[in-house]
Amino acid sequence: MSALSQKHLLGIKYLQLSDIELIFSTADEFLEVIRRPIKKVPSLRDKTIANIFFENSTRTKLSFELAEKRLSADVINFSASGSSVSKGETLVDTVNNILAMKVDMVVMRHPNPGAAHFLATQVNATIINAGDGAHEHPTQALLDAYSIRQKFGNNLKGLRIAIIGDILHSRVALSNIFCLKMLGAEVRLCGPATLIPRYIDQLGVEISYDLMETLRWCDVANFLRVQHERMDVKYFPTLREYIMQYGLNSQLLQKLNKPITILHPGPINRGVELTSQVADGEHSIILQQVENGVAIRMAVLYLLAGTRE
Amino acid sequence: MNEQLMSITLQRLCRQLIENHNDFSKSVIIGLQPRGIAMARRIQQLLEESGVKKLRFGSLDITFFRDDFRIHAKPLKANETRIDFVVEQQRVIFVDDVLYTGRSVRAAMDAIQSFGRPSQIELMVLIDRRFSRQLPIQATYIGRPVDAIASERVIVEWKEENEKDQVIIIRHEG
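A quick note: this is a predicted structure, and the numbers were derived from the prediction, not measured.

*Asks:* Just to check I follow, could you spell out the UniProt feature "binding site: L-aspartate" (unreviewed entry) in chain A for this structure?
*Replies:* Residues and elements named next belong to chain A. Taking the numbering used here, the UniProt-annotated feature "binding site: L-aspartate" (unreviewed entry) corresponds to Lys87, Arg171 and Arg225. A maximum C-alpha distance of 31.8 Å is found for the annotated residues, which run over 139 residues; spatially they are spread out rather than grouped. The annotated residues named above include Arg171 and Arg225 as those lining the second largest pocket. Judged by relative accessible area, which is 9%, arginine 171 ranks as buried. Setting aside residues up to four positions removed in sequence, arginine 171 forms contacts with Glu55, Arg109, Gly131, Asp132, Gly133, Ala134, His135, Glu136, His137 and Arg230. At a separation of 3.1 Å, a polar atom in the side chain of arginine 171 contacts the main-chain carbonyl oxygen of glycine 133. Turning to its location among the elements, arginine 225 is positioned in the loop between β8 (220-223) and α8 (239-246).

Take a look at the structure:
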């Protein structure tokens, strides 16, 4: 197999295991490319890519932009603030106007779940979902799994992975669950009951409300950010109480008597879900995640651009 | 071309290399992925048997530098690139099994620039399909020239990957 089964990357749930493995093996080669003295290849020099961000982003946007530039694509950036979206232009109109300028691929982040899927049915371009509301964030899940695989060897089968924190508002959690389950890992969610969506256990994941017990169980812990900006009501009494119950610090880590690998998709609320010592500590692979992110996104862009019309 | 003939040809190519490169202190061998690796390994082995010490060896994948990768129905699969030295001011010897249109070699010349500026690039091929070139590219060391037309395929097999060393020409029917 050397082609993806999909024309767009809308979510992990549309992918097959062979797709994920193809993305990983292609990313291996791009990782080597971005470690060269000259980090650029001409593969996408005839493609134009629009990065359309209706929501704030640092890592994802920079990472996509860098990936596009390393592949020699032409890049245009668009963010909703300061655009005609505030004048009431619809999503399809905005994107069609951008496509009229002869754009081949669209990387989009949008606050509404399903926005990328909707767009893929409406416009004629390759769509890559860079996060749609609390739904999916496929490239993040791919780079998380890729980083874990880099640390533990090729096989994730039976590896115990905990996703800890604000599951309810997280698109990373859902994509991660789909991706890790497909790769054969055991997945457990942990967080306050108010931040774990109902019925999510139907995806075949365990649920726990006890951080210490979950840490003892897992080999890898992926901590998620508490998304204050999405919280319209109070989900926990005080931030201090959340930190006491679900924040990870080095004392807790030492009590475990075993190493666990720490991931975080960023941006970190330092002192909330992770203390600085843990985030910068020896078990954290947070910065490797960022490096791998560029390689994974290069692989996704390359594979999606590489099919004939 | 059978095993015995191939062995004689490879020996000759090695002698030519030694003639030109002495002790290889400023020369590196780069196999072109995917089909040139087996041959490059064999050349490396023969050179080491003839007393060349500390021969530097790398493999180069040119997938991302090809000019035709979107003409195919599927994206081309990338292979491993392993060059753990800098080629700046070195004499680079590309090794591939068949020289056909010359497009892979053009891509390889582009790709190697990412690792520095070589003082010289040479090309060694086992088979030269001399009437099929689409670019002005010639090999420095040629195992054997072959006159095959475009509808024929030249296949080089190596003991390491297939059962035996051999070169065959297949005519496509229909």
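*Asks:* Please explain the pattern of salt bridges as it appears in this structure.
*Replies:* Pairing is possible between side chains that carry opposite charge, provided their charged atoms lie close to one another. Inspection of every chain in the model, using the stated rule, returns 19 salt bridges over all chains. The salt bridge partner of arginine 188 of chain A is glutamate 213 of chain A, with a shortest N-O separation of 2.9 Å. Residue arginine 188 of chain A is found in strand β6 (residues 186-190), and its partner glutamate 213 of chain A is found in helix α7 (residues 211-217); the two are separated by 25 residues along the sequence. Judged by relative accessible area, arginine 188 of chain A falls into the buried class, the value being 6%. The salt bridge involving arginine 171 of chain B is made with glutamate 152 of chain B; its shortest N-O contact spans 2.8 Å. With a gap of 19 residues between them, arginine 171 of chain B in strand β7 (residues 166-171) and glutamate 152 of chain B in strand β6 (residues 152-157) connect regions that are remote in the sequence. Look at arginine 171 of chain B and you get exposed, because its relative accessible area is 60%. Here the salt bridges share partners, and the residues they tie into one network are Glu55, Arg171 and Arg230 of chain A.

*Asks:* How do you make sense of the sheet that holds strand β3 (residues 91-99) of chain B when you look at a structure like this?
*Replies:* By definition, the strands of a sheet pair up through backbone hydrogen bonds, in either a parallel or an antiparallel sense. Residues and elements named next belong to chain B. Pairing within the open sheet is parallel, and its five strands lie in the order β2-β1-β3-β4-β5. In this open sheet, the two strands that pair with only one neighbour each are β2 (56-60) and β5 (141-146). Geometrically, the sheet is characterised by an average inter-axis angle of 25° between neighbouring strands, direction not taken into account. Sheet topology places β3 next to strand β4 (residues 120-129); eight bridges connect them, and they run parallel. In the sheet register, valine 95 faces β4, and the bridge partner there is methionine 124. Contacts from helix α2 (residues 36-49) reach β1 (27-32), β2, β3 and β4 within the one sheet, and its direction differs from that of β1 by about 150°. On the sheet, helix α3 (residues 103-112) packs against β1, β2, β3 and β4 and is oriented at approximately 155° with respect to β3.

Rules behind the numbers
Residues numbered from 1 in each chain as written. Chains lettered and ligands numbered in written order. Predicted model: local features only at pLDDT ≥ 70, side-chain atom pairs only at ≥ 80, totals over all residues. Heavy atoms only, no water. UniProt positions renumbered as here; feature names shortened; annotations may be inferred. 1 Å grid on protein atoms, 1.4 Å probe; cavity = no way out; pocket = protein on both sides within 12 Å on 5 of 7 lines; lining within 4 Å. Buried < 20%, exposed > 50% of the residue type's maximum accessible area, 1.4 Å probe, protein only. Contact = heavy atoms within 4.5 Å. Polar contact = N/O pair within 3.5 Å; in protein donor to acceptor, adjacent residues only side chain to side chain. Helix = DSSP H or I, 4+ residues; strand = E, 2+ residues; numbered from the N terminus. Salt bridge = Lys/Arg side-chain N within 4 Å of Asp/Glu carboxyl O. Pairing = 2+ DSSP bridges. Axes fitted to C-alpha atoms, helices over the stretch in contact; angles between N-to-C directions.

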